[in-house]
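What follows is the residue order along each chain.
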Amino acid sequence: MFYRQLEIRWVDLEPTKGSETQKKRPCVIIQSDIVNRGSKTVIVAPILPGHKNWLFAVNIIPTRDNGLDKERHINLKQLRVVDISRVQNLQGTLEKEYLKSIQDALKIVFGF
């Protein structure tokens, strides 16, 4: 299956250790479409409840397109590389208006 950047999909993040984001939860596909083609792994970021004023978080408003039920945030400090067998149902697609904020947060996380 081919996953697309900015899709929101349910991902089984278990097993985890320590402070890693746990459970099965919605995650946004961060990895580019070029890399996604034929890849057995994908880079995702968990979507967590509530609004956060962290430099590495992007707050999301629920819409019909993204399929979210309430205000949430993408925690870009908790990026995960997961096998595609962990990636499950499509929740929705994150609007492209968030892409710049995601890129800015990733610059902070990686120090670019």
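Every value quoted in this text rests on a predicted model; they were computed, and no experiment measured them. What you see as residue numbers is a count from 1 along each chain, following the sequence as written. Given that the model is predicted, a residue must reach a pLDDT of at least 70 before its local features are reported, and side-chain atom pairs must reach 80 or more before they are shown or counted; all residues, however, enter totals for whole chains, interfaces and linings. Each side-chain value is worked out from all heavy atoms of the structure, with water and hydrogens disregarded.

Caption draft 1: Quick look at the pattern of salt bridges. Only one rule defines a salt bridge in this text: a Lys or Arg side-chain nitrogen within 4 Å of an Asp or Glu carboxyl oxygen. Scanning all chains against the criterion turns up four salt bridges. Across the pair Asp33 and Arg4 runs a salt bridge whose closest N-O atoms are separated by 3.9 Å. You can see Asp33 sitting in helix α1 (residues 33-36) and its partner Arg4 sitting in the segment before β1 (7-12), a full 29 residues away along the chain. Each residue is assigned to one of three classes by its accessible area relative to the maximum for its type, calculated with a 1.4 Å probe on protein chains only: buried under 20%, partly exposed between the two thresholds, exposed over 50%. The class for Arg4 is partly exposed, based on a relative accessible area of 41%. Glu7 is the salt-bridge partner of Arg9, the closest N and O atoms lying 2.8 Å from each other. Here the two residues Arg9 and Glu7 agree in accessibility, since each one is buried. Strands are runs of DSSP state E lasting at least two residues, helices are runs of H or I lasting at least four, and both sets are numbered from the N terminus onward.

Caption draft 2: How the structure looks around unusual backbone geometry. Across the junction of Glu14 and Pro15, the peptide omega takes the value 0°, indicating a cis bond. For Leu6, which is not a glycine, the phi torsion comes out positive at approximately 80°. Here Leu6 lies in the segment before β1. Assessed through its relative accessible area of 6%, Leu6 is described here as buried. Of note in this structure, Lys23 is not a glycine but carries a positive phi near 75°.

Caption draft 3: Examining a nonpolar patch on the surface more closely. Patch membership requires over 30% relative accessible area and the absence of a salt bridge. Like charges are linked within 9 Å, and nonpolar side chains (Val, Leu, Ile, Met, Phe, Trp, Tyr) within 5 Å. Per-residue accessibility takes into account occlusion by the displayed protein chains alone, with areas from the Shrake-Rupley method and a 1.4 Å probe. Residues Val109, Phe110 and Phe112 make up a contiguous nonpolar surface patch of about 340 Å² in total accessible area. With respect to the helices and strands, Phe110 occurs in helix α2 (residues 99-110).

Caption draft 4: Region of the structure containing the side chain of His73. Examined against the element boundaries, His73 turns out to sit in strand β5 (residues 72-75). His73 gets classed as buried once you look at its relative accessible area, which sits at 2%. A distance of 3.3 Å separates a polar atom in the side chain of His73 from the backbone oxygen of Pro49. The contact criterion used throughout is that any non-hydrogen atoms of two residues lie within 4.5 Å. Residue contacts for His73: discarding those within four places in its chain leaves Pro46, Ile47, Leu48, Pro49, Gly50, Lys52, Trp54, Ala57, Val58 and Asn59. Polar contact criterion, stated in full: a pair of N or O atoms within 3.5 Å, where within protein one must be able to donate a hydrogen and the other to accept it, and residues adjacent in sequence count only if both atoms are side-chain atoms.

Caption draft 5: Structural detail: the packing of aromatic side chains. Only Phe, Tyr and Trp rings take part, Trp by its six-membered ring, and two of them pair if their centres are within 6.5 Å. Stacked means planes under 30 degrees apart, edge-to-face means over 60, and tilted covers everything else. Counted by the stated rule, this structure contains two aromatic pairs. Taking 5.6 Å as the distance between ring centres and 20° as the angle between the ring planes, the aromatic pair formed by Phe110 and Phe112 counts as stacked.

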